[in-house]
Amino acid sequence: MPIATPEVYADMIDRAKAGKFAYPAVNITSSQTITAALQGFAEAESDGIIQVSVGGAEYGSGSTVKDRIAGSLALAAYAAEVAKNYPVQIAIHTDHCVKKNLDSWVRPLLAIEAEQVKNGGLPTFQSHMFDGSDIPLEENLVIAAELLELSQAARTILEIEVGVVGGEEDGHEAAINDKLYTTAEDGLATVRALGAGEKGRYLTALTFGNVHGVYKPGAVKLRPSILAEIQKAVGDEIGKENPFDLVFHGGSGSTAEEIGEAVDHGVIKMNIDTDTQYAFTRPVVDHMFSNYDGVLKIDGEVGNKKAYDPRAWGKLAEAGMAARIVEASQQLRSAGQKIR
């Protein structure tokens, strides 16, 4: 199947919310990680989302070039071509664009997509995230409202963040403290500024103690019940049950119980990156240690081409990452839920 159209993407979100499941949103940085993600979704029989961060986009253009627009478009083009061979629907998303990167990344991409749509085509990406967590909420929502209007012209969905996710992601860092918990007042301010769909569809990342990265047990205090409280407060005001399409950031390392409760409260997308990075790298390490004398030319020997061929360890890396995506799909209940 090809990359999801705007209509299919909207249907994916609707199906997830109605069926109380969520899609893994997997960060990709290369053709190999895209292939691994597609393999994982196909094996899980789950539709899914692949996403690129600003650092991933720069890496995708070449680590010495660091052109975030070129890298974004290149990764999306590769995904669009190879996704045709996998029996699942995939949406492509840009992840965590903070205010300082808007003019050099998401705004230009939206302009490109608006032109694509104007000419009768489809947008390259299906959604973009604006991360306004490092600025005051009022300013966050003013910028979000502007981007929502641009998203309408580009036929894309906007993702916003209301609250703060702790830890570090692509150079953006936040402390682990009480600011990690979005309030009902924050949720009400959001719907008053952006509407409930009539101004354009958006996804909302409300924070309930989320932290990027993986921490030892006890370091992160997740409170998924906050999501239910905010959904009820906003729903009571506008007369709509579970009004927000929610996103779970910092999902790596979360327990199955925490994930399940979050999905019950309206989460339709959960970001996983740290866990899939490890799942990709670990088999490579095993291969290198197990085939030390083959991957290195030591003691006057010539090594073993079959051991150091990038395809040999690359396939293992892809399989490891794919297996972790299958696990995430099972935890999020999207396994077996692909659009038939």
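About the cut-offs
Residues numbered from 1 in each chain as written. Predicted model: local features only at pLDDT ≥ 70, side-chain atom pairs only at ≥ 80, totals over all residues. Heavy atoms only, no water. Helix = DSSP H or I, 4+ residues; strand = E, 2+ residues; numbered from the N terminus. Rg over C-alpha atoms; globule rule 2.2 N^0.38 Å. Buried < 20%, exposed > 50% of the residue type's maximum accessible area, 1.4 Å probe, protein only. Contact = heavy atoms within 4.5 Å. Areas by Shrake-Rupley, 256 points an atom, 1.4 Å probe, with all protein chains shown as cover. Lys, Arg positive; Asp, Glu negative; His and termini not counted. Charge placed at Lys NZ, Arg CZ, Asp CG, Glu CD. Salt bridge = Lys/Arg side-chain N within 4 Å of Asp/Glu carboxyl O. Phe/Tyr/Trp six-rings, centres within 6.5 Å; stacked < 30°, edge-to-face > 60°. Lys NZ or Arg CZ within 6 Å of the ring centre and 35° of its normal. Polar contact = N/O pair within 3.5 Å; in protein donor to acceptor, adjacent residues only side chain to side chain. Pairing = 2+ DSSP bridges. Right-handed = clockwise from strand over helix to strand, strands pointing away.

A. Structural context of the overall build of the chain. What the chain contains, in helices and strands, is 13 helices and 10 strands. In terms of C-alpha radius of gyration, the chain reaches 20 Å, essentially the compact-globule figure of 20 Å for 340 residues. C-alpha atoms of the chain, sized along the principal axes, occupy 75 × 50 × 40 Å. For the chain, the proportion of its 340 residues judged to be buried stands at 52%. Sequence-distant contacts in the chain: of pairs separated by 6 or more residues, those separated by 24 or more amount to 74%. Per element, the accessible surface of the chain, about 14,700 Å² overall, is 53% carbon and sulfur. Measuring between centres, the 31 positive side-chain charges of the chain sit 3 Å from its 47 negative side-chain charges.

B. Molecular detail of the pattern of salt bridges. Following the criterion strictly, the structure yields 17 salt bridges and no others. Put simply, Asp14 and Arg201 hold a salt bridge, and the shortest N to O gap is 2.7 Å. One end of the pair, Asp14, is in helix 1 (residues 6–19); the other, Arg201, is in the loop between helix 7 (184–194) and strand 8 (202–206), and 187 residues separate them in sequence. The class of Asp14 is partly exposed, set by a relative accessible area of 39%. Look at Arg201 and you get partly exposed, because its relative accessible area is 25%. Across the salt bridge formed by Asp275 and Arg324, the nearest N and O atoms sit 2.8 Å from each other. With Asp275 in helix 10 (residues 274–290) and Arg324 in helix 13 (residues 310–331), this residue pair connects regions lying 49 residues apart in the sequence. The class for Arg324 is buried, based on a relative accessible area of 13%. The network of salt bridges with common partners includes Asp14, Lys17, Arg201 and Asp245.

C. Inspection of the packing of aromatic side chains at higher detail. Inspection of the entire model under this criterion finds two aromatic pairs. When the centroid spacing of 5.5 Å and the interplanar angle of 85° are considered together, the rings of Phe21 and Tyr23 count as edge-to-face. As far as burial versus exposure is concerned, Phe21 and Tyr23 are alike and both buried. Taking NZ or CZ as reference, Arg223 lies 4.9 Å from the ring centre of Tyr181, over its face.

D. Focus on the environment of Asp245. Within the secondary structure, Asp245 is located in the loop between helix 8 (225–238) and strand 9 (246–248). C-alpha separation for the pair Asp245 and Arg201, spaced 44 residues apart in sequence, amounts to 9.1 Å. Reaching out from Asp245, the side chain makes a polar contact with the side chain of Lys17 at a distance of 3.0 Å. A polar side-chain atom of Asp245 sits 3.1 Å from a polar atom in the side chain of Arg201.

E. The arrangement of the environment of Pro283 in detail. Tracing the backbone shows Pro283 in helix 10. In sequence terms Pro283 and Lys315 are 32 residues apart; their C-alpha atoms lie 9.3 Å from each other.

F. Quick look at the pairing of strand 4 (residues 127–131). Among the five residues that make up strand 4, five are buried, leaving the element largely enclosed by the rest of the structure. Judged by which residues are buried, strand 4 turns out to be covered on both faces: Ser127, Met129 and Asp131 on one side and His128 and Phe130 on the other are all buried. Bridge count between strand 3 (residues 90–98) and strand 4: four bridges; the pairing is parallel. The partner of Val98 across the bridge, within strand 4, is Asp131. In this fold, the crossover linking strand 3 to strand 4 by way of helix 5 (residues 102–118) has right-handed handedness.

G. Here's a closer look at the side chain of Thr204. Mapped onto the secondary structure, Thr204 falls in strand 8. Apart from the residues lying within four places of it in its own chain, the contact partners of Thr204 are Ile160, Val162, Phe244, Asp245, Leu246 and Val247.

H. Inspection of the environment of Ile298 at higher detail. In this fold, Ile298 is placed in the loop between helix 11 (292–295) and helix 12 (305–308). Looking at Ile298, the relative accessible area reads 24%, which means it is partly exposed. Along the sequence, Ile298 and Arg340 sit 42 residues apart, while their C-alpha atoms lie 53 Å from each other. Contact partners of Ile298, with chain neighbours within four places excluded, come to Tyr292 and Asp293.

I. Representation of the pairing of strand 1 (residues 23–27). A large share of strand 1 lies buried, amounting to five of its five residues. Burial of the side chains of strand 1 extends over both faces: Tyr23, Ala25 and Asn27 are buried on one face and Pro24 and Val26 on the other. For strand 1 and strand 10 (residues 267–272), the ladder comprises four bridges, and the chain directions are parallel. Bridging from a neighbouring strand, Tyr23 pairs with Lys269 of strand 10. For strand 1 and strand 2 (residues 48–53), the ladder comprises three bridges, and the chain directions are parallel. Counted as the bridge partner of Asn27 is Gln51 from strand 2. Read from strand 1 through helix 2 (residues 31–44) to strand 2, the crossover connection turns out right-handed.

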